[in-house]
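# Remarks on the overall topology
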Amino acid sequence: MTRTENKTNLLVIYTGGTIGMMKDPDSGALVPFDFEHIYDQMPILKNFDYRIDFHSFDPLIDSSNMKPSFWIRLARIIEDNYELYDGFVVLHGSDTMAYTASALSFMLENLNKPVVFTGSQLPMGVIRTDGRENFLAAIEIAAAKEEDTVVVPEVSIYFENQLMRGNRTTKFNAERFNAFVSGNYPLLAEVGVHIRYQYNNILKPNFKKLKVHTQLDFNVTILKLFPGISEVVVKSTLSIPGLKALILETFGSGNAPTDPWFINCLEQAIQNGLLILNVTQCKSGSVDIGKYETSLDLGRIGVVGGFDITTESALAKLMYLIGEGYPKERLTELLQTSIRGEMTIE
Ligand code: ASP
């Protein structure tokens, strides 16, 4: 494959999900359509003055089947094609898009080109689809350059008029077209008649060489607190063989029960080498250990505060950092540092 000089070259990577579905003329069921025929489905694509190439995953997957092994494949596709293209659009199911976008943001160090994720709530083959607009705007954003420099050199999600930093997003709506929220970080762009980039919110390129990290460690889990959580639930989670890190989804600004059995279980696990990261269940706002009495003990026993990171991003960041083999102290430091714009630390 070679570049077409004097043109913007884009690679669209189709992983599956609702966006690429069409009604099968025989069965009437929704089936993924073949991107070889994309120009028949969307002749308007020819109006762009870009060269657009397509790469389809095989097999195409509903994103509920997304696995870290697919993240690695995706990262490798971007790495292998990085010099050939000016930007990448990833078509992905919305269900786990926030996880994949978060993971890619950590795996692609020194990313200086746009990787724009998009999808849709209604398939492209349905008349009222939101996929068409999402796809076309994502292409424009991936191609955007000003004075020869790309405008959005980071992993982002474009959905329903809003461009968000990928590792700040959560899917919060299964019905409305605006399926994603970025509760702790402002938009990177808003799309109406014009695409209004919020330049101050967008990461700046560092012009260093792309470094792709694929050594993820999967010995990470999530424990969501709820009123009445029992000792047996907590203990069985903490005794998962090989577990290295636990995301503790706490209440409000990082609060948890103060029952001695609960605190003792966590303390014991930390002393045995488990890393526990405190992430709030709220979609907006930050963990603030020590603000309430109900989080004081967590701080005392060595639970690490995750500031305003999302659960999706925390999971991806832990898999990435542990996979890189950092010693515990450095790991703890990096968890409290924003390394890809995933947290706000005040
Ligand atoms: N279940 C689908 C998926 O995530 C939903 C969608 O595409 O939005 O792949």
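Residues numbered from 1 in each chain as written. Predicted model: local features only at pLDDT ≥ 70, side-chain atom pairs only at ≥ 80, totals over all residues. Heavy atoms only, no water.

In contact at an axis separation of 10 Å, helix α5 (residues 231–238) and helix α6 (residues 260–271) are set at 5° when each is read in the N-to-C sense. Relative to α6, the element α5 lies roughly parallel. Taking contact as the criterion, the partners of Glu 231, Val 234, Lys 235 and Leu 238 in α5 are, on α6, Trp 261, Phe 262, Cys 265, Leu 266 and Ala 269. Tallied by class, the residues present in the contact of α5 with α6 amount to seven nonpolar, no polar and two charged. (Axes fitted to C-alpha atoms, helices over the stretch in contact; angles between N-to-C directions. Helix = DSSP H or I, 4+ residues; strand = E, 2+ residues; numbered from the N terminus. Parallel < 35°, antiparallel > 145°, perpendicular 65-115°, else oblique. Contact = heavy atoms within 4.5 Å. Nonpolar A, V, L, I, M, F, W, Y, C, P; charged D, E, K, R; others polar.)

With that settled, consider the sheet that holds strand β19 (residues 275–280). Across the sheet, which stays open at both edges, the four strands sit in the order β17-β18-β19-β20 with parallel pairing between neighbours. Two strands bound the open sheet, and with one partner strand each, they are β17 (220–224) and β20 (304–305). As paired elements, β17 and strand β18 (residues 245–250) share five bridges and run parallel to each other. If you follow Ile 222 over to β18, its bridge partner there is Ile 247. α5 contacts β17 and β18 of the sheet and is inclined by roughly 170° relative to β17. Across the sheet, helix α8 (residues 311–323) lies against β17, β18 and β19, angled at about 165° from β18, the strand it touches most. (Pairing = 2+ DSSP bridges.)

Neighbouring the ligand are the residues Gly 17, Thr 18, Asp 62, Ser 63, Gly 93, Ser 94, Asp 95 and Ser 120. With respect to the ligand, the side chain of Asp 95 contributes an N or O atom lying 2.8 Å from a nitrogen atom. In the complex, 90% of the free accessible area of the ligand, which totals 260 Å², lies under the protein chains. Residue composition of the shell around the ligand, by class: no nonpolar, six polar and two charged. (Near = heavy atom within 4 Å. Polar contact = N/O pair within 3.5 Å; in protein donor to acceptor, adjacent residues only side chain to side chain. Areas by Shrake-Rupley, 256 points an atom, 1.4 Å probe, with all protein chains shown as cover.)

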